[in-house]
Amino acid sequence: MTTVNVDTDAVTRRLEEGMANGVLSFPLTSFHADGSLDPDGFRAYVAAQIATAPGAVFPACGTGEFFSLDEDEYRQVLTITVEEARGRVPVVAGIGYGWAQAARFARIAEEAGADALLVLPHYLVAAPQDGLVAQLEQIAARTRLPLIAYQRGQVAFTAASLKRVAAIGTVIGLKDGHSDLDRLQRLTLAAPEGFLFFNGASTAEIQARAYATVGIPAYSSAVHAFAPEIANAFFTAFQGGDHGTVDKLLRDFYVPLVELRDRVPGYAVSLVKAAARLRGRPVGPVRAPLTDPSDADLADLRQVLTAGLDLVGAAL
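Residues numbered from 1 in each chain as written. Predicted model: local features only at pLDDT ≥ 70, side-chain atom pairs only at ≥ 80, totals over all residues. Heavy atoms only, no water.

(A) Representation of helix H2 (residues 39-50). When the terminal C-alpha atoms of H2 are compared, their 16 Å separation across 12 residues agrees well with the 16 Å that a helix rising 1.5 Å per residue should span. Listed in full, the buried residues belonging to H2 are Gly41, Phe42, Tyr45, Val46, Gln49 and Ile50. Viewed end-on, H2 has its buried residues packed into an arc of 155 degrees, placing them on one side of the element. (Helix = DSSP H or I, 4+ residues; strand = E, 2+ residues; numbered from the N terminus. Expected span 1.5 Å × (residues − 1). Buried < 20%, exposed > 50% of the residue type's maximum accessible area, 1.4 Å probe, protein only. Arc of directions from axis to C-beta.)

If you want it as structure tokens, here you go:
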């Protein structure tokens, strides 16, 4: 295994700067029609994503169908992303399942040259606060890379637990997918100075204003995976206080997209991938247990996407 020397403070500063200057990109993983990994398609796709100057890129996470990748496929996805990033943006790799499996993926990410790791919610079982903290302690003991915790589903930290998590040393931030503003305010107040937070809600732009009120303006963008023109236009308007543009994009694109997304479980990923295919991106289908959208939903998606691109002067 390659020895990795990591300056955790430097990685934190790079991510903080990236979060302030761009959306966080969660690229899709490319598959052939038969479901096998498409490395060439992914290379072309992720290169195009990185060229739009996101704040950081997070390969092999939820949008990238981490849960469906074997270790060899994961290694290829991470290696390609790091090669295409060329140090221009931080690369934060998804890891997950129990700590033993997460540590295996962490070693692969280290060898591939990732800058940090996003610890996805553990598999299946509910756990007490002590267990949630211990999960991160076990992973941190087995990797030199900085960690960002992700609370969603069965993972939700209390303020007291977050203090313990932040004290681990290499845990540098928290991605939130619960959108519980009361809890989030308690967490931000309990966290040490410099601890990173970002909004990881599905279609996070819908809740960007709400998160900003508790001190969390940074967010991930699923829309960036298929329409970086829209995602970047929203980010610019949001950061610049252009409320008219924010309202128009929310009303005429994001809300219709969310209403379509909510029709079928799993559309938070498969609809995003379908939108990328509509734009000619070489991403292929989703893997089971996800399913690709119906023809009727694809027709509605095309209409929503075309309207959104028109708003920012782009074409399908």
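(B) A look at the packing of H2 against helix H3 (residues 71-85). With their axes 9 Å apart at the nearest point, H2 and H3 run at an angle of 40 degrees to one another. As far as their axial angle goes, H3 and H2 are oblique. The chirality of how H2 crosses H3 is right-handed. Counting all contacts with H2, which are made through Pro39, Phe42, Arg43, Val46, Ala47 and Ile50, the residues of H3 involved are Gln76, Val77, Ile80, Thr81, Glu83, Glu84 and Ala85. (Axes fitted to C-alpha atoms, helices over the stretch in contact; angles between N-to-C directions. Parallel < 35°, antiparallel > 145°, perpendicular 65-115°, else oblique. Left-handed = near helix turned anticlockwise from the far one by under 90°. Contact = heavy atoms within 4.5 Å.)

(C) Examining the environment of Val119 more closely. Tracing the backbone through its elements, the reader meets Val119 in strand S4 (residues 116-119). Relative accessible area serves as the criterion here: at 5%, Val119 is assigned to the buried category. Each C-alpha atom, one on Val119 and one on Asn21, is 23 Å from the other, the two residues being 98 residues apart in sequence. Setting aside chain neighbours within four positions, we find Val119 in contact with Ile95, Leu136, Ile139, Leu147, Ile148, Ala149 and Tyr150.

(D) Main features of the sheet that holds strand S7 (residues 196-199). Across the sheet, five strands lie side by side as S3-S4-S5-S6-S7; this open sheet has parallel pairing. Two strands close off the open sheet at either side, each with one partner strand: strand S3 (92-95) and S7. Taking each pair of neighbouring strands and ignoring which way they run, the sheet shows an average axis angle of 25 degrees. Alignment of S3 against S4, held across four bridges, turns out to be parallel. Among the inter-strand pairings, Val92 is bridged to a residue of S4, identified as Ala116. Across the sheet, helix H5 (residues 129-140) touches S3, S4 and strand S5 (147-151), and the angle it forms with S5 is around 155 degrees. (Pairing = 2+ DSSP bridges.)

(E) Quick peek at the pattern of salt bridges. Under the defined criterion, the tally for this structure stands at 17 salt bridges. Ionic pairing is found between Asp252 and Lys248, a salt bridge with its closest N-O pair at 3.2 Å. With Asp252 and Lys248 both in helix H10 (residues 243-261), this residue pair falls four residues apart, about one helical turn. For Asp252, a relative accessible area of 30% gives the class partly exposed. On the basis of relative accessibility, which here comes to 42%, the residue Lys248 falls in the partly exposed class. The network of salt bridges with shared partners includes Arg43, Glu83 and Glu84. (Salt bridge = Lys/Arg side-chain N within 4 Å of Asp/Glu carboxyl O.)

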